[in-house]
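Structural overview
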Amino acid sequence: MSDHAPQPPQKPGEDPIRPHVFDGIQEYDKRLPNWWLFTLYGTIAFAIVYWMMTQHFHRPDDGKQVARAVQELRAAKLAAAGAYDDAALWTMSRTDSIVASGQATYQTTCVSCHGDKLQGGIGVNLADSTWIHGGKPTEIMKTVTEGVLVKGMPAWGPVLGPKKTAEVVAFILSKHAAP
Ligand code: HEC
């Protein structure tokens, strides 16, 4: 049938007409527009990059980020309540931001006597499992707060206040296995 046959371009440079006719309608055989192709290839490229970033480069996944945020909030709440019992201090010792603050205090205040690896020197080793004054978090907190004046360990409670004291205790505990 003559109207099903491909039509030659009308004018030079015009797109060819596709061979079918539906309800008397014919189509040009047009190249897809650049913006459309750009969007298609763009989404494919984005998908590949996104997949690599999430699956291959060990970006912490959402679940871990949420767990960490919850941990931070829990520790901040405990710290704000000023209730430094054993459980609270252990929780703080597993919370990155608190341990980092405690480490900063340790570097300025404790490192001269207890050493950069908590190995001791003028003061005693704080990384081993031998404790003169008790190794429970609350006992360490008490020792740091009140000091052991006769042995040359200053009382840090009045100097640092409870929050910073608890943070530095959390830093020491971060070097120990939780019960
Ligand atoms: C001027 C030196 C000096 C500084 C500074 C110092 N300490 Fe000490 N610390 C000591 C000495 C000495 C002892 C040992 C006390 C004893 O023999 O009873 C000690 C003991 C301790 C203990 C008890 C260890 C145990 O076995 O029971 C803890 C905990 C402690 N220090 C934490 C800290 C923290 C935290 C800081 C910083 C905020 C700090 N110390 C700063 C000298 C120091």
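Everything numeric in this text was worked out from a predicted model, so none of it was measured.

We now examine the overall build of the protein. Looking only at helices and strands, the protein features 7 helices and 0 strands. Starting at the N terminus and walking to the C terminus, you meet the elements of the protein as α-α-α-α-α-α-α. For a compact globule of 179 residues, the expected C-alpha radius of gyration is about 16 Å, and the protein comes in at 34 Å, more than 25% above that figure. A principal-axis box enclosing the C-alpha atoms of the protein has dimensions of 110 × 30 × 25 Å. For the protein, the proportion of its 179 residues judged to be buried stands at 27%. Per element, the accessible surface of the protein, about 12,300 Å² overall, is 63% carbon and sulfur. Where the 17 positive side-chain charges of the protein centre and where its 17 negative ones centre are 9 Å apart.

Right, let's get into the nonpolar core. Counting 26 residues, the largest nonpolar core has Tyr84, Leu89, Met92, Tyr106, Val144 and Val169 as the members making the most contacts within it. Breaking this core down by element, the ones donating at least two residues are α2 (62-81), α3 (86-93), α4 (96-109), α6 (137-146) and α7 (157-173). With 8 residues, α7 is the largest single contributor of residues to this core.

The next point concerns the site of the ligand. Inspection of the region around the ligand gives 24 residues, with Cys110, Cys113, His114, His133 and Met153 positioned closest. In the model, a nitrogen atom of the ligand is placed 2.7 Å from a nitrogen or oxygen of the histidine 114 side chain. Contacts to the ligand include histidine 133, whose side-chain N or O atom sits 2.6 Å from an oxygen atom. Of all elements in the fold, only α5 (111-114), α6 and α7 reach the threshold of two or more residues within the shell around the ligand. Looking at side-chain class alone, the shell around the ligand contains 16 nonpolar, 7 polar and 1 charged residues.

Moving on: the coordination of the iron atom of the ligand. Protein coordination at the iron atom of the ligand: the donors are His114 (NE2) and Met153 (SD), at 2.0 to 2.2 Å from the metal. Around the iron atom of the ligand, the 6 donor atoms sit at angles spanning 86 to 179 degrees, and that spread fits a shape best called octahedral. Here the residue histidine 114 occupies a position in helix α5, and methionine 153 occupies one in the loop between α6 and α7, the gap between them amounting to 39 residues. Take histidine 114 and methionine 153: they sit in the same class, and that class is buried.

Moving on, we come to the environment of proline 137. Its place among the elements puts proline 137 in helix α6. The buried category is assigned to proline 137, whose relative accessible area is 3%. Along the primary structure proline 137 and aspartate 85 are separated by 52 residues, whereas in three dimensions their C-alpha atoms are 7.4 Å apart. Once residues within four sequence positions are removed from consideration, proline 137 is found in contact with Asp86, Leu89, Trp90, Val169 and Leu173.

It is worth spelling out α6 at this point. Listed as buried for α6 are Pro137, Ile140, Met141, Thr143 and Val144. Mapping the buried residues of α6 onto a view down its axis gives an arc of 165 degrees, with all of them on the same face. Of the surrounding elements, those touching the buried residues of α6 are α3 and α7. One or two residues past the end of α6 sits glycine 147, with phi positive at roughly 70 degrees.

Let us look at the packing of aromatic side chains. Scanning the entire structure with this criterion turns up 2 aromatic pairs. Plain terms: the ring middles of phenylalanine 46 and tyrosine 50 are 5.8 Å apart, the flat faces sit at 25 degrees to each other, and that makes the pair stacked. Taken together, the residues span about one helical turn, with phenylalanine 46 and tyrosine 50 both in helix α1 (residues 34-55) at a distance of 4 residues. Residue phenylalanine 46 is classed as exposed on the basis of its relative accessible area, which comes to 57%. By relative accessible area, tyrosine 50 is classed as partly exposed at 48%. Ring geometry for tyrosine 106 against phenylalanine 171: centres 5.2 Å apart, planes inclined by 50 degrees, an arrangement best described as tilted. You can see tyrosine 106 sitting in helix α4 and its partner phenylalanine 171 sitting in helix α7, a full 65 residues away along the chain.

Parameters at a glance
- Residues numbered from 1 in each chain as written.
- Predicted model: local features only at pLDDT ≥ 70, side-chain atom pairs only at ≥ 80, totals over all residues.
- Heavy atoms only, no water.
- Helix = DSSP H or I, 4+ residues; strand = E, 2+ residues; numbered from the N terminus.
- Rg over C-alpha atoms; globule rule 2.2 N^0.38 Å.
- Buried < 20%, exposed > 50% of the residue type's maximum accessible area, 1.4 Å probe, protein only.
- Areas by Shrake-Rupley, 256 points an atom, 1.4 Å probe, with all protein chains shown as cover.
- Lys, Arg positive; Asp, Glu negative; His and termini not counted.
- Charge placed at Lys NZ, Arg CZ, Asp CG, Glu CD.
- Core = buried A, V, L, I, M, F, W, Y, C linked by side-chain atoms within 4.5 Å.
- Near = heavy atom within 4 Å.
- Polar contact = N/O pair within 3.5 Å; in protein donor to acceptor, adjacent residues only side chain to side chain.
- Nonpolar A, V, L, I, M, F, W, Y, C, P; charged D, E, K, R; others polar.
- Donors = N, O, S within 2.8 Å, 3.2 Å for Na, K, Ca; no water.
- Tetrahedral: all angles 85-135°; square planar, octahedral: opposite > 155°, others 65-115°.
- Contact = heavy atoms within 4.5 Å.
- Arc of directions from axis to C-beta.
- Phe/Tyr/Trp six-rings, centres within 6.5 Å; stacked < 30°, edge-to-face > 60°.

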